[in-house]
Amino acid sequence: PKSDFRAAKSAQLAAVRMGADSSVPTVEDNGYGVESDEQAANRFKRSKPPAGALKHRLLVLHGHGSNNDISELQVLNLQLAKKHCVQCDFLSAQIETTARDGTIAQLSPGPFHTWFHLSGLVGTLVGQGPGVAGGSLHDSLCRIIEHLQTHGPYDGVYGFSQGAVMATLLCSETVWRGIGGLTACPFRFAILANAGGTSVVNRISIAQCGRGKGEDATPLCKPQLPAGVPSLHLIGKRDWHRSSSQQLVSAFEPATARTYTHAHGHEIPMALLRDRELQSALAAFFAEL
């Protein structure tokens, strides 16, 4: 039950804090990695290093109405650490919302978050909406870029559903240069799983920081795509967002875009632990980097 889960986690955290040296940041043993007080405040978790030699560091972004608990399960089911020597950082959005569905609510006690509000999307045409400075999408992109600058560098980014939209935008020069002021894309590759709501990528306009004529000018620009990084697109055969996942492939450089279709729906389930073809696809993708 959720109440038992929360009680156990609270007791665990309290025990750690009571025995901690005051000069050392307190941590919560979350069963997969450790989370400092600073990380907890920013809803940030880091996985344990893989047993083998570390090959890739990956930033993981959850979907709408989800959280880091669900992302951790997905990464375990993909066996990224065990078979591909990947270490993951899990970053959660900060806008609270309800669980996307009952399954997610059963797998995690919450809270649940979203990266941006879809309401007002078309409002960007009149200077309103999630992509303008101060909008929900723009704020989330700024926060992720700040995280990259503090906790990076990363080799790649993984996004599930709405998180795949965020990952795509972060690979666009419109974001990494226009918002972050970076000189190059912060990722060498992207893994996009069960992408949903991908029409946002083509419809949104994003404020560019410090690129206008006046000091406070923030011109709106469409994302510059295709992104020039290798991409692996995991698509669910029975996913109601299947067409969205397929559409997102065109947002990346065609020569280095790879796809794999699994037999399931809008999920990365435990059944994928037995999917040898998926592991072959992942191994081939990493080998090409």
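You'll find the structure just up there.
What counts, and where the lines are drawn
Residues numbered from 1 in each chain as written. Predicted model: local features only at pLDDT ≥ 70, side-chain atom pairs only at ≥ 80, totals over all residues. Heavy atoms only, no water. Helix = DSSP H or I, 4+ residues; strand = E, 2+ residues; numbered from the N terminus. Buried < 20%, exposed > 50% of the residue type's maximum accessible area, 1.4 Å probe, protein only. Patch = residues over 30% accessible without salt bridge, like charges linked within 9 Å, V, L, I, M, F, W, Y side chains within 5 Å. Areas by Shrake-Rupley, 256 points an atom, 1.4 Å probe, with all protein chains shown as cover. Salt bridge = Lys/Arg side-chain N within 4 Å of Asp/Glu carboxyl O. Polar contact = N/O pair within 3.5 Å; in protein donor to acceptor, adjacent residues only side chain to side chain. Phe/Tyr/Trp six-rings, centres within 6.5 Å; stacked < 30°, edge-to-face > 60°. Lys NZ or Arg CZ within 6 Å of the ring centre and 35° of its normal. Axes fitted to C-alpha atoms, helices over the stretch in contact; angles between N-to-C directions. Parallel < 35°, antiparallel > 145°, perpendicular 65-115°, else oblique. Left-handed = near helix turned anticlockwise from the far one by under 90°. Contact = heavy atoms within 4.5 Å. Nonpolar A, V, L, I, M, F, W, Y, C, P; charged D, E, K, R; others polar.

1. Some details on the environment of serine 71
In step 1: Tracing the chain through its elements places serine 71 in helix α3 (residues 68-78).
In step 2: Residue classification places serine 71 among the buried residues on the basis of a relative accessible area of 1%.
In step 3: The sequence separation of serine 71 and leucine 61 amounts to ten residues, and the corresponding C-alpha distance is 7.4 Å.

2. Section: a nonpolar patch on the surface
In step 1: Judged by side-chain polarity, Leu73, Leu76 and Leu107 come together as a nonpolar surface patch covering roughly 250 Å² of accessible area.
In step 2: Within the fold, leucine 107 resides in helix α5 (residues 102-107).

3. Considerations on α3
In step 1: Across the eleven residues that make up α3, a large majority, eight, are buried.
In step 2: Taking the backbone nitrogen of aspartate 69 as reference, a side-chain oxygen 3.0 Å away marks asparagine 67 as the first, capping residue of α3.
In step 3: One or two steps after α3, the chain reaches glutamine 79, where phi turns positive at roughly 60°.

4. A short note on unusual backbone geometry
In step 1: Following glycine 110, the chain continues to proline 111 via a peptide bond in cis, the omega torsion being 0°.
In step 2: Within the fold, proline 111 resides in the loop between α5 and β7 (112-114).
In step 3: Residue proline 153 is bonded to the preceding glycine 152 through a cis peptide linkage, with omega at 5°.
In step 4: Tracing the backbone through its elements, the reader meets proline 153 in the loop between α6 (136-151) and β8 (156-160).
In step 5: Even without a glycine there, the phi angle at serine 161 is positive, about 55°.
In step 6: Assignment of secondary structure puts serine 161 in the loop between β8 and α7 (162-170).
In step 7: Overall, the relative accessible area of 7% leaves serine 161 in the buried class.

5. Let's talk about the packing of aromatic side chains
Two aromatic rings are characterised by how far apart their centres lie and by the angle between their planes.
In step 1: For the coordinates displayed, the defined rule picks out three aromatic pairs.
In step 2: With centroids separated by 5.9 Å and ring planes inclined at 80°, the aromatic side chains of phenylalanine 189 and phenylalanine 285 adopt a geometry described as edge-to-face. Here phenylalanine 189 is found in strand β9 (residues 189-193), whereas its partner phenylalanine 285 is found in helix α11 (residues 276-288), with 96 residues between them in sequence. In this pair, the class of phenylalanine 189 matches that of phenylalanine 285, namely buried.
In step 3: Residue phenylalanine 285 is classed as buried on the basis of its relative accessible area, which comes to 2%.
In step 4: In this structure an aromatic cluster arises from ring pairing among Phe189, Phe285 and Phe286.
In step 5: The cationic tip of arginine 57 hangs over the ring face of tyrosine 154; the distance from NZ or CZ to the ring centre is 4.6 Å.

6. A word on the packing of α6 against α7
In step 1: Interhelical geometry of α6 versus α7 gives an angle of 65° and a closest axis separation of 11 Å. Here α7 runs roughly perpendicular to α6, going by the angle between their axes. Note that α6 runs across α7; the crossing there is right-handed. Between α6 and α7, the contacting residues are Leu137, Ser140, Leu141, Ile144 and Ile145 on the first element and Met166, Leu169 and Leu170 on the second.
In step 2: The class makeup of the residues in the contact of α6 with α7 is seven nonpolar, one polar and no charged.

7. Concerning the side chain of glutamine 74
In step 1: Locating glutamine 74 in the fold gives a position in helix α3.
In step 2: Within polar-contact distance, the side chain of glutamine 74 engages the side chain of tyrosine 158 at 2.8 Å.
In step 3: Ignoring anything within four residues of it in the chain, the contact list for glutamine 74 reads Tyr158, Phe160 and Ile268.

8. A look at the environment of glutamine 149
In step 1: Position of glutamine 149 among the secondary structure elements: in helix α6.
In step 2: Of the residues examined, glutamine 149 reaches a relative accessible area of 51% and is grouped as exposed.
In step 3: Residues glutamine 149 and glycine 180, spaced 31 residues apart in sequence, show a C-alpha to C-alpha distance of 9.2 Å.
In step 4: In contact with glutamine 149, not counting residues within four places along its chain, are Gly180 and Leu182.

9. A look at the pattern of salt bridges
In step 1: Evaluation of the coordinates by the stated rule reveals eight salt bridges.
In step 2: A salt bridge links arginine 46 to aspartate 89, with the shortest nitrogen-to-oxygen separation between them at 2.8 Å. One end of the pair, arginine 46, is in strand β3 (residues 44-47); the other, aspartate 89, is in strand β5 (residues 86-91), and 43 residues separate them in sequence.
In step 3: Residue arginine 46 is classed as partly exposed on the basis of its relative accessible area, which comes to 26%.
In step 4: Using a relative accessible area of 1% as the deciding quantity, one classes aspartate 89 as buried.
In step 5: Across the pair arginine 188 and aspartate 155 runs a salt bridge, and its minimum N-O distance is 3.5 Å. Remark: aspartate 155 occurs in the loop between α6 and β8 and arginine 188 occurs in the loop between α8 (173-176) and β9; sequence separation between them is 33 residues.
In step 6: Exposure remark for arginine 188: the relative accessible area of 40% places this residue in the partly exposed category.
In step 7: A single salt-bridge network, built from bridges that share partners, covers Lys45, Asp69 and Glu72.

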